[in-house]
Amino acid sequence: IFIFFLSYSRVQKIKSYDTFILIVISLLFFSCSSEKAKSVVFGFLPILTWLPSYPLKQYLFGDIVSGISTGVMQLPQGLAYAMLAAVPPVFGLYSSFYPVLLYTFFGTSKHISIGTFAVISLMIGGVAVREAPDSMFAVNGTNASQVVDFEARDARRVEVVVALTTLVGIIQLVLGLLRFGFLAIYLTEPLVRGFTTAAAVHVSVSQIKYLLGVHTARFNGPLSVVYSLDAVFRNIASTNVVTLIIGLVCTVFLYFIKDLNERFKKKLPIPIPGEIIVVIVSTGISYGMVMSENYGVEVVGKIPTGLLPPKIPDFSVFPNLFPDAFAISVVGFSIAISLAKTFALKHGYSVDGNQELIALGLCNFMSSFFHTFVVTASMSRSLVQESTGGHTEIAGLLASILVLLVVVAIGFVFQPLPTTVLAAIIMVNLLGMFKQLKDIPALWRTSKIELAIWLVSFFASVLLGLDYGLVVAMGFAILTSFVLFLKAEECSGIKIFFFYTSIYFANSDLYVSALKAKLGVTHEVVAGPKKQMDHVYNNGQMNENHTESDSEDDFFLQRLTPIHTIILDFTPVNFIDSVGAKCIKSVSQQLLFPKKTLEDRLVRSG
């Protein structure tokens with residue numbers, strides 16, 4: 001927030017912000033006790049809780065191997081996913097360094113790999129193309145035909161994407177500070193899986209033109225998938241054969257390596273880095289054969305060496321970007337927290353949803369000043385980071401350092417890399433998402449409502465675009481919740497009784513009275529063999545004149561209410577004393593069970 005204020009002040013040419021600084025410092029140091037301040041600091045910087053006790057001998061080697069393996073994977077994915085975000089590939093490398101470095105300090109998950117991700121990159125690219133379309137940069141060529149000023153277009157798209165990233169970071173940070181981590185609840189698993197499968201369709205369709213080497217416009221919005229396929233088929237006659245061969249060979253090789261890693265994951269010490277092998281080999285061949293000039297193969301192009309200086313985002317475009325930024329914020333957080341909880345459950349630690357929101361917000365917000373685009377957790381890299389022995393966030397830190405070394409020292413090496421290779425990397429990495437189609441028969445057998453949510457999420461996102469599709473899917477999921485609530489029916493003869501506190505001598509009578517009041521019991525069972533009763537309930541029917549000839553067991557077999565099952569919910573009950581236990585036993589005898597079988601049928605819980 002402080003960095004944002006300084007940036008805004010600079011843009012607005014506000015020189016005197018010392019008053020604001022004093023107010024912030026005063027609030028931090030004078031509004032809470034030292035213990036609370038310490039708790040806030042440790043909660044805000046989780047690294048302080050585990051780094052001092054980091055076991056070097058047990059964890060360091062695994063984190064080093066994991067960091068190198070993840071970094072090697074992060075390099076080609078960063079270059080590839082920048083294409084989806086409609087920005088030059090080098091910005092994918094920036095996005096693979098700054099946010100990953102920051103997450104080490106602010107994140108609570110020990111195993112997720114923060115960085116570029118296909119679904120988020122595609123959503124970003126849609127916004128960039130909408131705000132800076134090719135038509136805005138059309139100029140007249142020498143032959144009177146219109147050409148596009150690609151340099152000016154890319155520069156503007158980078159500005160839009162950076163501003164979008166800043167806004168996403170602000171939204172996530174604010175939501176985290178307001179404790180809105182529960183938002184992920186409304187993105188149910190069928191909704192997210194249907195949405196990401198639809199995103200995989202969008203991504204695959206967008207990469208076909210790079211795989212074939214044809215030039216078409218990039219479409220966005222409703223029916224963009226249909227328009228993109230139509231444009232590719234209309235221009236399929238201009239396919240570059242060399243580009244197609246390179247792309248197909250890389251796709252087959254990557255699929256083979258991926259399958260090999262999956263089959264022998266228990267025997268291989270680390271996964272075979274197929275992606276970096278493909279990148280290095282294809283870059284070398286492209287450079288040696290001068291494919292860009294001799295065969296017309298499209299390559300990555302200029303990659304500046306070193307890091308760019310920080311720059312203040314363009315705040316003027318914020319109003320146009322807010323709806324997209326909010327959708328990207330929620331989707332990015334949902335993906336990250338889902339992966340984080342999965343690994344936390346597997347390895348026996350906990351993650352804080354609100355702190356994860358804050359961490360993602362800081363990663364996106366602070367990194368945006370250094371020309372990055374929105375990041376979240378990557379499923380494929382997270383699996384590699386965990387399976388290669390990563391124990392803590394140190395693995396992610398080492399991966400970011402590896403990316404930094406490449407950017408600073410040898411980034412120019414990747415300039416001859418064919419873009420069809422990046423398309424192959426993207427498409428092979430989408431195989432895991434397409435496997436989610438297996439959810440359909442599984443949900444058909446288990447839950448038709450969840451199947452409906454999955455299908456609506458998928459088809460709405462494919463046909464309407466990811467932004468509108470997400471809105472429709474969330475609306476439908478909420479609607480199904482209301483419908484289920486309205487259709488809920490009480491099971492005849494079953495009651496659940498919930499008590500909000502412990503049961504002990506002071507409130508045991510109150511507990512029994514409240515239970516009987518809810519069940520409609522208006523009298524007590526009277527012990528003794530020759531006692532006349534005015535009335536009792538027998539399976540819902542009132543019987544009168546219970547005479548002394550009835551035995552005690554017969555009497556207990558007659559239920560006092562039309563209810564055959566009572567569930568005592570003891571979720572908030574953390575203590576029961578002997579008086580409370582006797583009262584519960586007594587009321588159980590009175591209401592439900594024959595005396596002679598009481599001990600066998602009484603179910604104890606606590």
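So, here's what we can say about the structure.

Cut-offs and rules
- Residues numbered from 1 in each chain as written.
- Predicted model: local features only at pLDDT ≥ 70, side-chain atom pairs only at ≥ 80, totals over all residues.
- Heavy atoms only, no water.
- Helix = DSSP H or I, 4+ residues; strand = E, 2+ residues; numbered from the N terminus.
- Buried < 20%, exposed > 50% of the residue type's maximum accessible area, 1.4 Å probe, protein only.
- Contact = heavy atoms within 4.5 Å.
- Salt bridge = Lys/Arg side-chain N within 4 Å of Asp/Glu carboxyl O.
- Axes fitted to C-alpha atoms, helices over the stretch in contact; angles between N-to-C directions.
- Parallel < 35°, antiparallel > 145°, perpendicular 65-115°, else oblique.
- Nonpolar A, V, L, I, M, F, W, Y, C, P; charged D, E, K, R; others polar.
- Core = buried A, V, L, I, M, F, W, Y, C linked by side-chain atoms within 4.5 Å.
- Left-handed = near helix turned anticlockwise from the far one by under 90°.
- Patch = residues over 30% accessible without salt bridge, like charges linked within 9 Å, V, L, I, M, F, W, Y side chains within 5 Å.
- Areas by Shrake-Rupley, 256 points an atom, 1.4 Å probe, with all protein chains shown as cover.

## Description of the side chain of Ser228
- Within the fold, Ser228 resides in helix α11 (residues 224–234).
- We classify Ser228 as buried; its relative accessible area is 16%.
- Apart from residues lying up to four places away in sequence, Ser228 is in contact with Val205 and Phe219.

## Side note on the pattern of salt bridges
- For the structure shown, the criterion picks out 13 salt bridges.
- Residues Lys311 and Glu159 are paired through a salt bridge, measuring 3.9 Å at the closest nitrogen-oxygen approach. Taken as a pair, Lys311 in the loop between α14 (291–294) and α15 (318–347) and Glu159 in helix α9 (residues 150–177) lie far apart in primary sequence, 152 residues in all.
- When its relative accessible area of 48% is taken as the criterion, Lys311 is described as partly exposed.
- Judged by relative accessible area, Glu159 falls into the partly exposed class, the value being 31%.

## Here's the deal with the packing of helix α10 (residues 189–212) against helix α12 (residues 241–263)
- Running from N to C, α10 and α12 point in directions that differ by 120°, and their axes come no closer than 7 Å. In terms of orientation, α10 and α12 fall into the oblique class. Of α12, the residues touching α10 (which contributes Tyr210, Leu211 and Leu212) are Thr243, Leu244, Gly247 and Thr251.
- For the contact of α10 with α12, the residue count by class is four nonpolar, three polar and no charged.

## A short note on the nonpolar core
- By size, the foremost hydrophobic cluster in this structure holds 109 residues, and its most contacted members are Met123 and Ile124.
- Ignoring sequence-local partners within four residues, the contact set of Met123 consists of Phe195, Ala327, Ile328, Val331 and Leu466.
- Among the nonpolar cores identified, the runner-up in size contains 14 residues, and Leu515, Ile566, Phe570 and Cys583 belong to it.

## Quick look at the packing of α10 against helix α22 (residues 448–464)
- It is at 8 Å that the axes of α10 and α22 come closest, and there the two elements cross at 30°. With respect to their mutual orientation, α10 and α22 come out roughly parallel. Seen along the crossing, α10 lies across α22 with a hand that is right-handed. Only Glu450, Ile453, Trp454, Ser457, Phe458, Ser461 and Val462 of α22 make contact with α10, whose side of the interface consists of Pro190, Leu191, Arg193, Gly194, Phe195, Thr197, Ala198, Val201 and His202.
- When grouped by side-chain class, the residues that make up the contact of α10 with α22 number nine nonpolar, five polar and two charged.

## Here's the deal with a nonpolar patch on the surface
- Together, Phe219, Leu223, Val226, Tyr227, Phe459, Leu463, Leu464, Tyr468 and Val472 give the surface a local cluster of nonpolar side chains, amounting to about 790 Å² of exposed area.
- Of all the secondary-structure elements, those providing two or more residues to the nonpolar patch are α11, α22 and α23 (466–487).
- Looking at which element gives the most residues to the nonpolar patch, the answer is α22, with three residues.
- One can find Val226 in helix α11.
- With a relative accessible area of 45%, Val226 lands in the partly exposed category.

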